[in-house]
Amino acid sequence: MAEAADFQGTPSPARRWLRRTGALLAGAPLLAGLMQLPAAVPAQAAGSDTVSVALDSLSPSAPSDGDTLTVSGTVTNNGKQAVTDAHVDLRVGSLLSTRSEIDTAARHSEDLQSGLGTEVGGKYTEDFDSLPSGVAEHFSISVPVDKLDLGQDGVYQFGVSLSGKTSAQQWDQVLGIQRTFLPWQSSEADTKTKTTYLWPLISTVHVTAKTGAGELQTPVFQNDDLAKEIAPGGRLAQMLALGKDLDVTWVIDPDLLASVDAMTRNYRIQGAGDTTTAGTHQAVAKQFLADLQEAVADKEVVALPFADPDLASLAHNGTSVTGSLSHLKDATDVATITVQTVLHVTPSTDFAWPVEGAVDPSIIKVATSAGADKVIARSDSLQETGGLTYTPSAARPIGGGTTAVVADARLSTAFEGDLTNADSATLAVQQFLAQSLALNTQTGKQRSIVVAPQRMPTASQAQAMATAITALQESNWSQSQELAAAAKAKPDPGATTKIPSSSAYPSALRKQELPRTAFEQIARTQDKLDNFQVILTDESRVVTPFGRAINREMSTSWRGRGSAADSFRTSVESWLDDLTGQVKLIDKSETKLSGRSATIPVTVQNNLVQGVDHLVLRLTSTMPTRLEIGGKPYYEQPVEVSGGHSQSVKFSTSANANGRVEVTAQLYTEDGQEYGAPVRFDVKVTEVTPTVMLVIGGGVLLLVLAGFRMYTQRKRAAARRAEEGDGPEETGEDTPDAPDAPETPGTPETADVPEAENPGDTKDADGPGNPAARGDRLHEESVARSGEDDPEQPSDPTPDTAPESADPSETGERVDR
């Protein structure tokens, strides 16, 4: 109440005097305490965000006795007031004895509230008269290592600070600092860590399933991004240039090699719609492969399965889909051939590498299903539970003849951030080296450590990695080792070998996996490919590009790019559908059957550049009681069609009744699988009646009788002529008689006339003077000679259909008869 009253009115003079006196008495102890604090303490609070210090380089990264340390960077005034009497100082902090202490210090690298360390001082500073607001100044300081007063070997905090004055605070104060680590191993360590660093040469999917129609099968690329990666200055080109001088184990995706090798010849780039343009980077591709062949000639090369399939996605979502695991085996088998063909070295295919080294029992099972017996895991997945005080060797026997090669998580993730700035890259390098030295000083026991970085480092990340590896190889505490040797190293008996459960798999990684629907689509595409390849005369033209495309559909590089993965799978399946659709049946209109039997043609068209066989065409009648095909409800015939041609297959049919019948034509493979869409058409049967059948039968009978009559006439005439001796003896040749009179229509048959008893008697029954008898005999002789001289003519074959009606035909397709 009293305080409220004081604020409402003007306090009395006596009350004001008492208040001031109390305030002074209360502040006296605080003032005395501030007088005793170091000058830097108030500066820490005042200058927390005033100046930023960037440490652009520290060389050498791991100094030893006799070296001179050069530190360079930039200081920037972020405040509103100019900094006067500014100077950059080097500071050496405390010795960090554990890897956890290094982690903690890294999280507070710019914190002014933490210990600043001891100034090196002297001439090892850089002064600025003034640092205006918003201005950045570069600095560079060189100092002999012996001036740093480093003690025992180990990891030291090392800082660069900027101190100065502002118009608001006219005393010297630390306004900004950047801390890093200084690994100090003055001489060769008694025991060195054997370090294996994986150098991944992996890219995303670039090649589609499409190829040109010519003999060379020109490949089609999704875009021209790969050319940018392998061109000078590109990400992969820098990885290659940096890696060739390092003692590393190359981990290569064979798909990358196959893609670059395809670029050395003619290739196309997918454009809008179905358009493509010619690729023009053959020279770049040839140079890249030549440089890579030289770089890996005497190095260890580990080949991943073709296209680097996502083992975790396959284990969690693909094993329940039939045939998924077979793709992993196929990708593993083709890996060795690809690397040997392109790089002329024999790679190791014994290693499986799940994403980020995260494992569970199902991933281990899938990873080893294709023949690999070593799985590259990571220590943040296969965590130590035995209470070890040091980091054990990488190799761990996990049962079933399988070895888990556990990469160190801290070292493996050291370069995953944004390292485009020199400051961030330098800090990453120094922290990596600090962790490596701290690991070596944990125990006098020699260990084998593996570093498995991110699969596709950026160019800046690769540069930082190379800087760190170079420093590590020149250090006094580490020596290089190949991955195969690390996997064979004697396991630490205290290291954990228990694989974490599936529930422990990181949820963030699980969200990026290929879904089950992706593997179902892959299986559907494979089924179509299996059905298609059996009809081809050169199946390799289809099996190879589509087999590799299916491998690419399972690639780890699709993580985080779900839409792009869906689009790629759909494009592969659609292209396969287009190809299979090039072999098809031609649609038919309604067919008319004007009689009891006829031939129905069905046309198979092949628009592929290669021939097809092992196909069967089946024609089926839906009403076999009315229309039979080949005497059955359906009939099949084998089909072979050359590339770019059509083949007409003819089926014999027989009709039993009039009416309309639906007929289905369907192609099948020889193993009974339907191929393509069926063609259905109607057959209209007409004029099959009892009357028609009688007419047909009567026509046949008349033809037979006519033939018999002609035969008997000729036989009797020949016999009579032989009796009379009118002609020459039979010699087998025709006599040159005068032209015979044609047979008179309607002449009575002579079969009933009796023959003369005396062959030499020229008198007939009517007497020699009977003109009528003489005329009949002359006529019969003429007929006999006529039949003898003319060769016998076979009768026309009996038609299998009745004559067509004279009326105009109805609309429809006429069949062959």
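Look a little higher up for the structure.
On to the pattern of salt bridges, then. In total, this model carries 27 salt bridges according to the counting rule given. In this structure, D85 and K165 form a salt bridge, with 3.6 Å as the shortest nitrogen-oxygen distance. Of the two residues, D85 sits in strand β3 (residues 83-96) while K165 sits in strand β7 (residues 154-165), which places them 80 residues apart along the sequence. Given the relative accessible area of 43%, D85 is considered partly exposed.

Glancing now at helix α17 (residues 516-533). Compared with an ideal rise of 1.5 Å per residue, which puts 18 residues at 26 Å, α17 spans 26 Å between its outermost C-alpha atoms and is within 8% of the ideal. Among the residues making up α17, those that are buried are A518, F519, Q521, I522, A523, T525, Q526, L529, N531, F532 and Q533. Looking at the buried residues of α17, the elements they touch are α9 (311-318), α10 (324-343), α18 (540-553), α19 (562-580), β29 (659-669) and β30 (674-686).

Right, let's get into the sheet that holds strand β28 (residues 645-655). Taken together, four strands build an open sheet; the order of strands is β22-β24-β28-β26 and the sheet is antiparallel. Edge positions in the sheet fall to β22 (583-585) and β26 (627-629), since each has one partner strand and no second. Put simply, the sheet's adjacent strands are angled 35° from each other on average, direction ignored. In this structure, β26 lies alongside β28, joined through three bridges in antiparallel fashion. Looking across to β28, one finds that I629 is bridged to T653.

Two aromatic rings, taken as a pair, are described by how far apart their centres are and by the angle between their planes. By the definition in use, this model includes six aromatic pairs. For the ring pair F415 and F432, a centre distance of 5.4 Å and an interplane angle of 40° mean the geometry is tilted. You can see F415 sitting in the loop between α12 (409-412) and α13 (422-440) and its partner F432 sitting in helix α13, a full 17 residues away along the chain. Look at F415 and you get buried, because its relative accessible area is 1%. Note on Y635 and F651: the rings are 6.4 Å apart at their centroids and 85° apart in plane angle, and the pair reads as edge-to-face. Of this pair, Y635 sits in strand β27 (residues 634-641) while F651 sits in strand β28, and the two are 16 residues apart along the sequence. Here Y635 falls in the partly exposed class, since its relative accessible area comes to 34%. A network of ring pairs unites the aromatic residues Y197, F415 and F432 as a single cluster. A cation over an aromatic ring shows up here: R548 above the ring of F306, its NZ or CZ 5.5 Å from the ring centre. Lying across the ring of Y634, R618 places its NZ or CZ 4.6 Å from the centre.

So, about the sheet that holds strand β19 (residues 402-407). Judged by pairing direction, the sheet is mixed, and its four strands sit side by side in the order β16-β17-β19-β18 without closing on themselves. Each edge of the sheet is formed by a strand with only one pairing partner; in this case those strands are β16 (351-352) and β18 (395-399). Of the strand pairs in this sheet, β16 and strand β17 (residues 374-378) are connected by two bridges, and their pairing is parallel. When the bridges of β17 are listed, A352 appears paired with V375.

In this section: the packing of α13 against helix α14 (residues 459-473). One can describe the packing of α13 onto α14 by two numbers: an axis separation of 9 Å at closest approach and a directional angle of 35°. Between α13 and α14 lies a crossing of right-handed hand. On α14, the residues that touch A425, V429, F432, L433 and S436 of α13 are A464, T467, A468, A471 and L472. A breakdown of the residues in the contact of α13 with α14 according to their chemical character gives eight nonpolar, two polar and no charged.

Below, the discussion takes up the layout of surface pockets. There is about 720 Å³ of room inside the second largest pocket. Residue lining of the second largest pocket: 25 residues in total, with A258, D261, A262, R265 and T544 positioned closest to the centre. Broken down by secondary-structure element, the contributors of at least two residues to the lining of the second largest pocket are β10 (207-211), α7 (254-263), α10 and α18. Grouping the constituent residues of the lining of the second largest pocket by class yields ten nonpolar, ten polar and five charged.

Time to look at the pairing of strand β9 (residues 193-201). Counted residue by residue, β9 has eight buried out of nine residues, so it is predominantly covered. Here β9 pairs with strand β21 (residues 478-480) via three bridges, running parallel. Among the inter-strand pairings, T195 is bridged to a residue of β21, identified as S480. Here β9 pairs with strand β20 (residues 448-451) via four bridges, running parallel. Following the sheet pairing, T196 is matched in β20 by V450. In this structure, β9 lies alongside strand β12 (residues 249-252), joined through four bridges in parallel fashion. Counterpart to L201 in the pairing with β12 is I252.

Mapping Q185 onto the fold places it in the loop between β8 (173-184) and β9. Residue classification places Q185 among the buried positions, given a relative accessible area of 7%.

Checked against the element boundaries, R569 lands in helix α19. Take R569: its relative accessible area is 3%, and that puts it in the buried class. Among the polar contacts made by the side chain of R569, one reaches the side chain of Q521 at a distance of 3.2 Å. Leaving out residues up to four positions away in the same chain, R569 has contacts with L514, A518, Q521, I522 and E553.

Moving on: the nonpolar core. Of all hydrophobic cores here, the largest spans 75 residues; its most connected members are F532 and L617. Considering every element that reaches this core, the biggest residue donor is α17, with six residues. The residues touching F532, leaving out its near neighbours within four places in the chain, are V542, L576, L579, T580, L608 and Y675. Ranked by size, the runner-up nonpolar core spans 65 residues in total, among them L256, V296, V339 and A425.

The rules behind each value
- Residues numbered from 1 in each chain as written.
- Predicted model: local features only at pLDDT ≥ 70, side-chain atom pairs only at ≥ 80, totals over all residues.
- Heavy atoms only, no water.
- Salt bridge = Lys/Arg side-chain N within 4 Å of Asp/Glu carboxyl O.
- Helix = DSSP H or I, 4+ residues; strand = E, 2+ residues; numbered from the N terminus.
- Buried < 20%, exposed > 50% of the residue type's maximum accessible area, 1.4 Å probe, protein only.
- Expected span 1.5 Å × (residues − 1).
- Contact = heavy atoms within 4.5 Å.
- Pairing = 2+ DSSP bridges.
- Axes fitted to C-alpha atoms, helices over the stretch in contact; angles between N-to-C directions.
- Phe/Tyr/Trp six-rings, centres within 6.5 Å; stacked < 30°, edge-to-face > 60°.
- Lys NZ or Arg CZ within 6 Å of the ring centre and 35° of its normal.
- Left-handed = near helix turned anticlockwise from the far one by under 90°.
- Nonpolar A, V, L, I, M, F, W, Y, C, P; charged D, E, K, R; others polar.
- 1 Å grid on protein atoms, 1.4 Å probe; cavity = no way out; pocket = protein on both sides within 12 Å on 5 of 7 lines; lining within 4 Å.
- Points joined across faces, edges and corners; volume = space filled by probe spheres on them.
- Polar contact = N/O pair within 3.5 Å; in protein donor to acceptor, adjacent residues only side chain to side chain.
- Core = buried A, V, L, I, M, F, W, Y, C linked by side-chain atoms within 4.5 Å.

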